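# Analysis of the macromolecular model
The primary structure of each chain is shown beneath.
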Amino acid sequence: MIVDAADEQRFREFVSARSPALMRLGFLLTGGDQHAAEDLVQTALAKLASRWRRVEAPEAYAKQIMYRQQISWWRASTRRGEVVQAAPPELADRDRHHQSELRMVLRSALARLTARQRTVLVLRYFEDLPEQEVARALGCSVGTVRSTAHRSLARLREIAPELARELEVAK
């Protein structure tokens, strides 16, 4: 337990100097979960603070606490049968790189459409407006919106077949 000002100052210096390294370790131990890593480091530092005067190697002690705490949390979660994931299982294999690549392909493909085709697709599918509202916004008939959307989607499939495959996978 930290009792005097000198011990408190040494503990603060330790926390200031070693927190980034402990956070990196926590990040790795938790599989990249920033919040869980912060919790892990905070738990370790709180336990270390309560034993500060008796600990000879504070960093090694903090790391040991982190290892054991992570195992304890892991065991508790397996007993509950819960699996915490950042993304739903059906989307887990789609990494950020893949999603970024698809966004770039989509932007490029949309840029190759006419302004009217692009506008109809954006209003209808990205803004999720009903055909009647799209027609009202563009000053045309509902039939024109339908036929333009149909031709525009066909054109997108020609320009970027990888988007068509991606839409089939998502269904």
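Residues numbered from 1 in each chain as written. Predicted model: local features only at pLDDT ≥ 70, side-chain atom pairs only at ≥ 80, totals over all residues. Heavy atoms only, no water.

### Overview of the overall build of the protein
What the protein contains, in helices and strands, is 8 helices and 0 strands. What you see in the protein, going N to C, is helices and strands ordered as α-α-α-α-α-α-α-α. Burial statistics for the protein: of 171 residues in total, 27% are counted as buried. Long-range contacts, defined here as pairs at least 24 residues apart, represent 60% of the contacts in the protein between residues at least 6 apart. Accessible surface, the protein: about 12,000 Å² in total, of which carbon and sulfur atoms supply 53%. (Helix = DSSP H or I, 4+ residues; strand = E, 2+ residues; numbered from the N terminus. Buried < 20%, exposed > 50% of the residue type's maximum accessible area, 1.4 Å probe, protein only. Contact = heavy atoms within 4.5 Å. Areas by Shrake-Rupley, 256 points an atom, 1.4 Å probe, with all protein chains shown as cover.)

### Side note on the nonpolar core
In this structure, Leu 22, Leu 45, Leu 48 and Met 66 are the most contacted members of the largest nonpolar core, which totals 15 residues. If you list the elements that add at least two residues to this core, you get helix 1 (5-29), helix 2 (34-50) and helix 3 (58-80). When residues of this core are assigned to their parent elements, the largest contribution, 6 residues, is made by helix 2. Leu 110, Leu 156, Ala 160 and Leu 163 belong to the second largest nonpolar core, which has 10 residues in total. (Core = buried A, V, L, I, M, F, W, Y, C linked by side-chain atoms within 4.5 Å.)

### Some thoughts on the packing of aromatic side chains
For the structure on display, the rule yields 2 aromatic pairs. For the pair Phe 11 and Trp 52, a centre-to-centre distance of 5.2 Å together with 80° between the ring planes defines the contact as edge-to-face. One end of the pair, Phe 11, is in helix 1; the other, Trp 52, is in the loop between helix 2 and helix 3, with 41 residues separating them in the sequence. For the pair Phe 14 and Trp 52, a centre-to-centre distance of 5.8 Å together with 50° between the ring planes defines the contact as tilted. A residue pair is termed long-range when its members are at least 10 positions apart, and Phe 14 in helix 1 and Trp 52 in the loop between helix 2 and helix 3 qualify at 38 residues. By relative accessible area, Phe 14 is classed as buried at 10%. (Phe/Tyr/Trp six-rings, centres within 6.5 Å; stacked < 30°, edge-to-face > 60°.)

These figures capture arrangement, not role.
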